[in-house]
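What follows is each chain in one-letter form.
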Amino acid sequence: MKKNAISPEEYAGILSSISLSQILLNDCSAKKYEIKTKGGAIDLDITMKLGYDQNASEASFITNYKLDGVKRSEGAEEKVFTITASFLLSYMKKKEIEVTKEFVNVFKDNSIELVSWPYFREFVQNMISRMGFPPLTLPSKFFSK
């Protein structure tokens, strides 16, 4: 087992001891940039960072998503738009447990993204429309780099 790994039993024990109580939009922004060239393809650069905190009764996770729309051609790069959103996911602890860093590392890839990603997808779809761009539907699952 890797040094910072968690056993399936430990993971299952923590997972069964927490329950999602709310998801809130914590912070957001959307910016459309002036671009020099019209038309062409836009590459999507998506990143997600996760933070977490806990107390005796709750574990809180903050997912920070960022989407950059970038036109790349002939070695030049031009940013078209940036959309960011931060979501707070609160989990109530059913019993006294510690949400370990090892748990969070696995939970991030297996659960948090499945819960928060649809909220970001909807936010992006709405903001893209409001900026006057053609419709954009992101994939149903976030794929980390």
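If you're wondering where the values come from, they're calculated on a predicted model, not measured in any experiment. (Residues numbered from 1 in each chain as written. Predicted model: local features only at pLDDT ≥ 70, side-chain atom pairs only at ≥ 80, totals over all residues. Heavy atoms only, no water.)

Notes on the pattern of salt bridges
Inspection of every chain in the model, using the stated rule, returns 5 salt bridges. Here Lys79 and Asp68 are joined by a salt bridge, their closest N and O atoms 3.6 Å apart. Of the two residues, Lys79 is situated in strand 4 (residues 76-93) and Asp68 in strand 3 (residues 58-73); the sequence distance between them amounts to 11 residues. For Lys79, a relative accessible area of 34% gives the class partly exposed. (Salt bridge = Lys/Arg side-chain N within 4 Å of Asp/Glu carboxyl O. Helix = DSSP H or I, 4+ residues; strand = E, 2+ residues; numbered from the N terminus. Buried < 20%, exposed > 50% of the residue type's maximum accessible area, 1.4 Å probe, protein only.)

Overview of the packing of aromatic side chains
Two descriptors summarise a pair of aromatic rings, namely the distance from one centre to the other and the angle between the planes of the rings. Overall, the coordinates contain 12 aromatic pairs when judged by the stated rule. Ring centres of Phe81 and Phe133 lie 5.4 Å apart, and the angle between their planes is 50°; on these two criteria the pair is classed as tilted. Here Phe133 lies in the segment after helix 2 (101-130) and Phe81 lies in strand 4, a separation of 52 residues in the sequence. Seen in terms of ring centroids, Phe103 and Phe107 are 4.9 Å apart; in terms of plane orientation they differ by 25°. Their pairing is stacked. Here Phe103 pairs with Phe107, and both are found in helix 2, just 4 residues apart, close to one helical turn. For the pair formed by Phe103 and Phe107, the shared burial category is buried. Among the aromatic residues, those joined into a cluster by ring pairs are Tyr11, Tyr52, Phe61, Tyr91, Phe103 and Phe107. (Phe/Tyr/Trp six-rings, centres within 6.5 Å; stacked < 30°, edge-to-face > 60°.)

Examining the layout of surface pockets
As a volume, the largest pocket reaches approximately 170 Å³. Contributing to the lining of the largest pocket are Lys32, Tyr33, Glu34, Ile35, Thr37, Lys38, Gly39, Gly40, Ile42, Lys71, Val80 and Phe133. For the lining of the largest pocket, the class distribution of residues is 5 nonpolar, 3 polar and 4 charged. (1 Å grid on protein atoms, 1.4 Å probe; cavity = no way out; pocket = protein on both sides within 12 Å on 5 of 7 lines; lining within 4 Å. Points joined across faces, edges and corners; volume = space filled by probe spheres on them. Nonpolar A, V, L, I, M, F, W, Y, C, P; charged D, E, K, R; others polar.)

Digging into the nonpolar core
Counting 33 residues, the largest nonpolar core has Phe61, Ile83, Val99, Phe103 and Phe120 as the members making the most contacts within it. Residue assignment for this core shows that the elements contributing at least two residues are helix 1 (8-15), strand 2 (43-54), strand 3, strand 4 and helix 2. Sort the elements by how many residues they give to this core and helix 2 lands first, with 10 residues. Dropping the residues within four chain positions of it, Phe61 is found in contact with Leu50, Gly51, Tyr52, Phe87, Leu88, Leu89, Tyr91, Val99, Val104, Phe107 and Ile112. (Core = buried A, V, L, I, M, F, W, Y, C linked by side-chain atoms within 4.5 Å. Contact = heavy atoms within 4.5 Å.)

Geometric descriptors of this kind do not, in isolation, establish any biological role.
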